[in-house]
Amino acid sequence: MGNADSKLHFRKAVVQLTTKTQPVEASDDVFWDQFWVDSSTTVQDVFALVPAAEIRAVREESPSNLATLCYKAVERLVRGADSGCPSEKERQTVLNCTRLLTRILPYIFEDADWRGFFWSTIPGRAGHLDRDADDEGRPLAESLLLAIADLLFCPDFTIQSHKKSSPDTADDIRAIDSCEYIWEAGVGFAQAPPLNYVHDLNRTELLKLLLTCFSEAMYLPPSAENKVLNPWISFFCSTDNRHALPLFTSLLNVVCAYDPVGYGIPYNHLLFSDYREQLVEQAVQILIVTLEHEAGSAASAALQALDPSTCPSAEEEEQEVHTPGGPDNLFVNYLSRIHREEDLSFVLKGLARLLNNPLIQTYLPRSTKKIQFHQELLILFWKFCDFNKKFLFFVLKSSDVLDMLIPILFYLNDARADQSRLGLMHIGVFILLLLSGERNFGVRLNKPYALRVPMDIPVFTGTHADLLIVIFHKIISSGHQRLQPLFDCLLTIIVNISPYLKSLSMVAANKLLHLLEAFSTPWFLFSSLQNHHLVFFLLEVCNNIIQYQFDGNFNLVYAIIRKRNVFHQLANLPSDTTSIQRALQKKKRTGISRTNSVENESMEGSRPAVPAEPGTLKASLEATPGIDKITEKSQVSQDGTMITVPHLDSPHTSKSSIAAGASDSESERDHEVNRTQSESARSRLSSVSSTAAWSANSDWVSSWKAKLPLQTIMRLLQVLVPQVEKICIDKGLTDESEILKFLQHGTLVGLLPVPHPILIRKYQANAGTAMWFRTYIWGVIYLRYINLPVFFGMCSVNSSVSILFFLLPAVMLTLRSGTTPTSGCLRSRGFRGAAGLSSSHLNCY
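These figures come from a predicted structure and were not determined experimentally.

A. Seen up close, the packing of aromatic side chains. On inspection of all chains with the given rule, the structure shows 32 aromatic pairs. Seen in terms of ring centroids, F31 and W32 are 4.9 Å apart; in terms of plane orientation they differ by 80°. Their pairing is edge-to-face. Of the two residues, F31 and W32, neither departs from the other in class, the shared state being buried. Ring plane angle 70° and centroid distance 5.6 Å describe the contact between W700 and W704, whose orientation is recorded as edge-to-face. Residue W700 and its partner W704 are both found in helix α33 (residues 698-705); the two are separated by four residues, about one turn of the helix. Relative accessible area serves as the criterion here: at 7%, W700 is assigned to the buried category.

B. Here's a closer look at unusual backbone geometry. A positive phi angle, close to 50°, is found at C85, a residue other than glycine. The residue C85 is located in the loop between α5 (63-83) and α6 (88-109) in this model.

C. Representation of the pattern of salt bridges in the model. Tallied over the full model, the rule gives 29 salt bridges. For E184, the salt bridge is made with R276, and the minimal N-O distance between the two is 3.2 Å. Of the two residues, E184 sits in the loop between α8 (140-151) and α9 (197-214) while R276 sits in helix α13 (residues 275-290), which places them 92 residues apart along the sequence. A single burial state applies to E184 and to R276, both of which are buried. The partner of E292 in a salt bridge is R774, with the nearest N and O atoms 3.0 Å apart. Of this pair, E292 sits in the loop between α13 and α14 (298-306) while R774 sits in helix α36 (residues 767-783), and the two are 482 residues apart along the sequence. Each member of the pair E292 and R774 is classed as buried. When salt bridges that share partners are traced, they join R56, R59, E60, E110 and D111 into one network.

D. Geometry of helix α20 (residues 401-415). Between the first and last C-alpha of α20 there are 22 Å, a value that for 15 residues agrees with the 21 Å anticipated at 1.5 Å per step. When you tally the buried positions in α20, you get 13 out of 15 residues, the bulk of the element.

What counts and what doesn't
- Residues numbered from 1 in each chain as written.
- Predicted model: local features only at pLDDT ≥ 70, side-chain atom pairs only at ≥ 80, totals over all residues.
- Heavy atoms only, no water.
- Phe/Tyr/Trp six-rings, centres within 6.5 Å; stacked < 30°, edge-to-face > 60°.
- Buried < 20%, exposed > 50% of the residue type's maximum accessible area, 1.4 Å probe, protein only.
- Helix = DSSP H or I, 4+ residues; strand = E, 2+ residues; numbered from the N terminus.
- Salt bridge = Lys/Arg side-chain N within 4 Å of Asp/Glu carboxyl O.
- Expected span 1.5 Å × (residues − 1).

This is the structure we're talking about:
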C-alpha cells in the first residue's frame, strides 16, 4: 500500500510540473523534494510515470522549470556524493535522482537548442554545486559527472566499507583512496571484495545514467564533423576525474572475472537472480564507448559543445596528436599500458570464457546460462588489440588465440544469412583481418581442430585453418547478398595466412578451388570494375602455398590438377569486344552455386543459419572502406622482419618486381579502387553492371589479364600432370588415394620459378573504420534497450512505414521495416518516436 501511495505522490508531482505555467523557484524545496525525497520508485516506475509527451511539453512550454528540475537533481547528487550517503533515506534520494535524470537527459539531447544546457553555468547558482573555491563556474555536466564518479566509490552504497559505519562514523568520501576499493580482483588488484547484490544494483543504476550522458553522440545531426569530440567522454576520462584509474580497473575486472556458469549447477540461472550480469553488461558498454582515442582536450570538447564553430584547425590537431605523455583519454592510456603477463592472461581468459559461453553444449536442454552481450565483448577485444600491442602479441604467442577464433567463426557462420546482423559480421571479419597481419596467427592455425562446435558446415578432419576456410566459403557462397563488400577482406585474410599453412584438408582445398572457379567465369569478371581482384587474391593464395608449403599440401595440389581447366581458361581469357559482350549476355545468376558442394553432410547437432524474420528491420551501417584503405602492405624479409611496401603515387610509376606479377596487380588494384569510391560499384555477383558509367572493354581486360600471376601454377601443372596421367595409365588407378600418396612424396625443387617475397596486408587504422565502429557501437547499445527505452520516448504514432534513424556524427544508420508495427512507428527528430516499437518489431541484434 505504501508503495502505491509513493507512486501516486510522484505522479502528482509530475502533473503539477507539467501544468504549471509560471516558473517554480529553485528555492521551493517543498515542491522539488516531491520528485526524490518523498517517493520510492523503481526505474520502471519512473519511465511509466514520466511520459515522453509530458517531458517535451515542459521543455517547450516551461523551459525554466525543466532547467530547474535538472539543476536540482544534479544538486542532490552532488550533495549525496559530498555527504557519502550515510543514511538509507539519502541513498534512496540519490537513486531517485539518478533514475529521473536517466529518463530526462535524452529529451535534452534531442533538441539542438538544449544541447549546450549542461555545458553552461547557471547564473547565480554556480556556488551551490562547486565543492572548492577554485571551481567557481563549473558547468552542470562536469558537476554531474564528478558526482557520479564519487558515488561509484561511496562506502556502503556502491563499495564495501573497511570499517563499520554509522551516520556519525561514516567514511569521508573525499578522503578515501578509491584505488583501495576496486570492485573486483584482477588487473592491478589482488583482493576480491565480497559480493553484495545491493551494491551491484546501485552501480548498475549509476552506470546507466553515465551511459545516457555519453549518448549525446546519438542525437547529433548527420552533418556534424567526425572530429568533434564527445565532451562528456572527454571530461570523464580526463585528469579532472580522480577516480579514472580505479573506475577503469573496476569495470575491466568486473567484465573479465564474470563467470555466468558458476559452479555449473544445471538451471541455476532459472532458480537464482544474477545481479552481476546486469552490472557486467553496463560495464562493458561503458568501456567500449569511452575507449576512443582522439586528439584534443576536455576543455576544447566542452567549447565545441557550446559552439561547433570552434573546431581546431588541422595544424592544431597535428600538434595535439604528437603531444608527449600519451592519449588525453585516460581510459585509453591505462589500457595501452597494461603489460604484466598475469594481467594480460586474466583479460584474455575472461573474454574467451564469455565469448565461448553460447557455444557450451550440455545433455540437458537450456540448462546453462547464455549471455547476450557477445557483440560488446568482440568490440572490447578489438579495442584491446588495437590500443595495446603487447596484448596483441600476447594473444598470438600461444594457442590461446584459437579460443578467440572459434567463437568468432561460430558467430560469423551463424549470422551470415541474417541481414540484420551485418554489424556482427563486420566486427568479426575486422578482428580476423587484424590478427592475420601477424605471422604467429597463421602458424597457430596449423593446430588440429578437435573441438566440435555444432555448425552447419561439412564434417572434416583437419586444422583450424581448414575451419576458417570452410566457414569463409560458406559466408561467400550462402551468405546474404549485402555481405559482398566483405569478400575482399575475407580473401585478404586467407592470403595473409596462406604462406604458413602446412597442410590443408581435401575439404578446404576443394572450397578454395570452388571459389576460384566461380570468380573466374567470364560473365562475373566482366560485370564489375573490381571483380577480377578476387581472382588475384585466390591465385596469390595458391602461389604462396606452392612456393612455401608444397610438401604438406598435396591435397591442394591434387585439387589444382583436377581443376586445371580453370587456370587454362584464365590464361586464355578472351579480351575482344565481341567475346566480352557475348559473356555478359550469358550471365548466370548462380555465380557461386549454393548447392554445388562436394560435402553436404553437416556436423551433428548443427542448425542452418536462419535469415531475418519477415518484418525485421534491416540495418544499414556506414559503408566500410575498401580493402586498400584499411590495410598497408608489408613484405617479409629473409630474417623474418616486416618491410612496409609504399603505395605508388601514379599508375605510370615503375612497378617493383617482387612478386612475379603479384605486386603489379596490387599497384593496379590500388589505382582502380581509388577511381571507384561508390559502394554500389563494389557489389559482387550482380546480374547487371554495378555502374552505368562503366562497362568492360578490351583495353581494360588486357590491362589486368597480362598481370595474372599464373606462372607458378602453370609450371606445376606442366610438371605434375604428365606424371599423374602416366601413373594412372600404367597402374590402372581409379582411386585418388594412390595419387595423393604419389603427390605427398613428390617434389618440385628446382623446377618452380624463384619464390616471391611474402606480401602481408596489415590492418591500418583510418577515419573510415573509426566512424564505422562508433556507429556500430551505438547501434548495438541502442538496440539493447528495447525493453527499457532509455534513449527514446513512449509515444505511438500511426505510420505506414517504420524508419528509424540513428543520427551519429557524419553518418546516418537507417533501419527499415516493410511491415507496419501495430504499436506505432516513428516520428520525430533523432529517436523521438522510436519508443512505439516493441522488441518484436526491432529484432536486429
